[in-house]
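Per-entry structural report
What follows is each chain in one-letter form.
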Amino acid sequence: MTSLMKGKRGLIMGIANDHSIAWGMARTLHAHGAELAFTFQGEALGKRVKPLAEQLGVDLVLPCDVEDIASVDATFAVLREKWGKLDFVIHAIGFADKNELKGRYADTSRENFSRTMVISCFSFTEVAKRAAELMTEGGSMITLTFGASERAMPNYNVMGVAKAALEASVRYLAADFGPRGIRINAISAGPIRTLAGSGIGEARAMFGFMQKHAPLRRGVTLDELGGSALYLLSDLSGGVTGEIHYVDSGYNVILMPRPDDLKA
Ligand SMILES: NC(=O)c1ccc[n+]([C@@H]2O[C@H](COP(=O)([O-])OP(=O)(O)OC[C@H]3O[C@@H](n4cnc5c(N)ncnc54)[C@H](O)[C@@H]3O)[C@@H](O)[C@H]2O)c1
Ligand SMILES: Cc1c(CN(C)C(=O)CCc2cnc3c(c2)CCC(=O)N3)oc2ccccc12
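Computed from a prediction, not measured in an experiment: that's the story for all the values here.

1. Digging into the pattern of salt bridges
This model, assessed by the stated rule, comprises 11 salt bridges. Between Glu43 and Lys50 there is a salt bridge, with its nearest N and O atoms 3.7 Å apart. For Glu43, a relative accessible area of 45% translates into the label partly exposed. Arg80 is the salt-bridge partner of Glu133, the closest N and O atoms lying 3.5 Å from each other. Residue Glu133 is located in helix α4 (residues 110–134), and its partner Arg80 is located in helix α3 (residues 69–82); the two are separated by 53 residues in the primary sequence. Looking at Glu133, the relative accessible area reads 46%, which means it is partly exposed.

See the structure below:
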C-alpha cells in the first residue's frame, strides 16, 4: 500500500459494524497510513465499533449522536485537544423513520421530514463548519449520497429529498471553504447490503435489479468505495471540490436496461 495518507489525521462518522460503508473506507485509509478517529451512535453500536477500532489501532473512539449538537461539539473539542489539527472527515450518516421508507412520498409526516433532513443533510453542514476550524492547513471532507436524490425510486421517499438537499449543500460548502483550501465532495454509492441498506422490504429486489442491469453487471464493494474515498481525501484529487462522484457500477448513466436482458 502507499503512504498517500501518511501524516494525515481524519474523523470517520457512521461506522455501525463491519458491513458499514464508513468501515470499508476506514480500512483503506488506514492501509495508506492515515491516523483515524471514529464516532459511534449510542452504546449499543459502541460495543460493535470499539473492537473494529482496536483492529486498526484507533484509540480515539467517541460517542456522537448528530441529533444532539452538544455531542458534536464535544467530539470536536476532544479532537482540538488531542490533535489540534484535522485533515479529513467522512460523514456516512443517514436516517429516516423506516415506516416512511415505503408507500408514497406524499404521505411523509412533517415531523419525520424535519428529523430526516437534520440527520441526513444538515448534520453534514454542522460537522463541516466545526471541522473546518481545525483544518488549518487545508483539508478534504466527503459525505455519502444515493442516486435516488435525482430520480424517484420506490420507497426511498424522504431520504431522496434529503440526499438532494445534501448534494446541494456539498456545492455551497465547497464554495464557502474553497478559499481556505478545504474541499467538500460526495460519493454517490450504488446499493450495498449494510445495516441501513438492508431490512427495507423491496430494497432487496431493487439491489438485485440495479446490480443485474448496471453497466458493470454487479454491485460495488466496500473496498471500491474505500478506494474512491482515498482518492477524494488525498492530494490526488487536489483540484476537485463540490463534486458528486458516482461509485455505482455505472448505473446512473443508463436510462433503461436492454429489453432482452429483462428476459434473462
Ligand atoms: N447502503 C447503501 O445502499 C447506500 C447507498 C448510498 C448511500 N448510502 C449512505 O451511506 C451512509 C452510510 O450508510 P451505510 O449504508 O454504511 O449503513 P450503516 O447503517 O452501516 O451506516 C449508517 C450510519 O448512520 C449512523 N446514524 C444514523 N443516525 C445517526 C445519528 N442521529 N447520529 C449519528 N449517527 C447516526 C448509524 O449509527 C450508522 O453508523 C448513509 O448516509 C447512507 O444513506 C448507503
Ligand atoms: C437502496 C436503499 C437503501 C439504502 N440506502 C441507499 C440508504 O441511504 C439507507 C437509508 C436509510 C435511512 N434510514 C433508515 C434505513 C435506511 C433503514 C433503517 C431505518 O430505520 N432507517 O435504503 C432504501 C430504502 C428504500 C428503498 C431502497 C433503499
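From this point, the narrative continues.
2. Some points on the layout of surface pockets
Considered as a void within the structure, the largest pocket measures approximately 1,300 Å³ in volume. Around the largest pocket, the lining is made up of 46 residues, and of these Gly94, Phe95, Thr194, Ala196 and Gly197 lie nearest the centre. Those elements that place two or more of their residues in the lining of the largest pocket are α1 (21–31), β2 (35–40), α4, β5 (139–145), α5 (158–177) and α6 (203–213). It is α6 that provides the largest number of residues to the lining of the largest pocket, a total of three residues. Looking at the lining of the largest pocket, its residues break down into 29 nonpolar, 12 polar and five charged. In this structure, the second largest pocket is lined by 23 residues; those nearest its centre are Gly147, Arg151, Met153, Met210 and Tyr251. The leading source of residues in the lining of the second largest pocket is α6, at three residues. Residue classes in the lining of the second largest pocket are distributed as 16 nonpolar, four polar and three charged.

3. Focus on the side chain of Thr28
Within the fold, Thr28 resides in helix α1. The class for Thr28 is buried, based on a relative accessible area of 13%. Among the polar contacts made by the side chain of Thr28, one reaches the main-chain carbonyl oxygen of Gly24 at a distance of 3.2 Å.

4. Remarks on the site of ligand 2
Close to ligand 2 lie 15 residues; Ala96, Tyr156, Ala196, Ile200 and Phe207 are nearest. Ala96 is positioned such that a nitrogen or oxygen atom in its backbone is 2.8 Å from a nitrogen atom of ligand 2. The side chain of Tyr156 places a nitrogen or oxygen atom 2.7 Å from an oxygen atom of ligand 2. Within the complex, 87% of the 590 Å² of free accessible area of ligand 2 lies under protein. According to the grid-proximity analysis, the pocket containing ligand 2 is the largest pocket. A breakdown of the residues in the shell around ligand 2 according to their chemical character gives 12 nonpolar, two polar and one charged.

5. Some remarks on unusual backbone geometry
Positioned with a positive phi, Asn155 is a non-glycine residue whose angle comes to about 80 degrees. Considering the arrangement of structural elements, one finds Asn155 in the loop between β5 and α5. When its relative accessible area of 11% is taken as the criterion, Asn155 is described as buried. Unusually for a residue other than glycine, Asn157 sits at a positive phi of about 50 degrees.

6. A few points about the pairing of β2
For β2, the tally of buried residues reaches five of six residues, placing the bulk of the element in the interior. In terms of strand pairing, strand β1 (residues 9–13) meets β2 through five bridges, oriented parallel. For Leu11, the partnering residue across the bridge sits in β2 and is Ala37. Remark: the β1/α1/β2 crossover connection has right-handed handedness. Both β2 and strand β3 (residues 60–63) contribute to a ladder of four bridges, which runs parallel. Looking across to β3, one finds that Ala37 is bridged to Leu60. What joins β2 to β3 is helix α2 (residues 42–55), and the crossover it makes is right-handed.

The rules we used
- Residues numbered from 1 in each chain as written.
- Chains lettered and ligands numbered in written order.
- Predicted model: local features only at pLDDT ≥ 70, side-chain atom pairs only at ≥ 80, totals over all residues.
- Heavy atoms only, no water.
- Salt bridge = Lys/Arg side-chain N within 4 Å of Asp/Glu carboxyl O.
- Buried < 20%, exposed > 50% of the residue type's maximum accessible area, 1.4 Å probe, protein only.
- Helix = DSSP H or I, 4+ residues; strand = E, 2+ residues; numbered from the N terminus.
- 1 Å grid on protein atoms, 1.4 Å probe; cavity = no way out; pocket = protein on both sides within 12 Å on 5 of 7 lines; lining within 4 Å.
- Points joined across faces, edges and corners; volume = space filled by probe spheres on them.
- Nonpolar A, V, L, I, M, F, W, Y, C, P; charged D, E, K, R; others polar.
- Polar contact = N/O pair within 3.5 Å; in protein donor to acceptor, adjacent residues only side chain to side chain.
- Near = heavy atom within 4 Å.
- Areas by Shrake-Rupley, 256 points an atom, 1.4 Å probe, with all protein chains shown as cover.
- Sits in = over half its atoms within 2 Å of the grid points.
- Pairing = 2+ DSSP bridges.
- Right-handed = clockwise from strand over helix to strand, strands pointing away.

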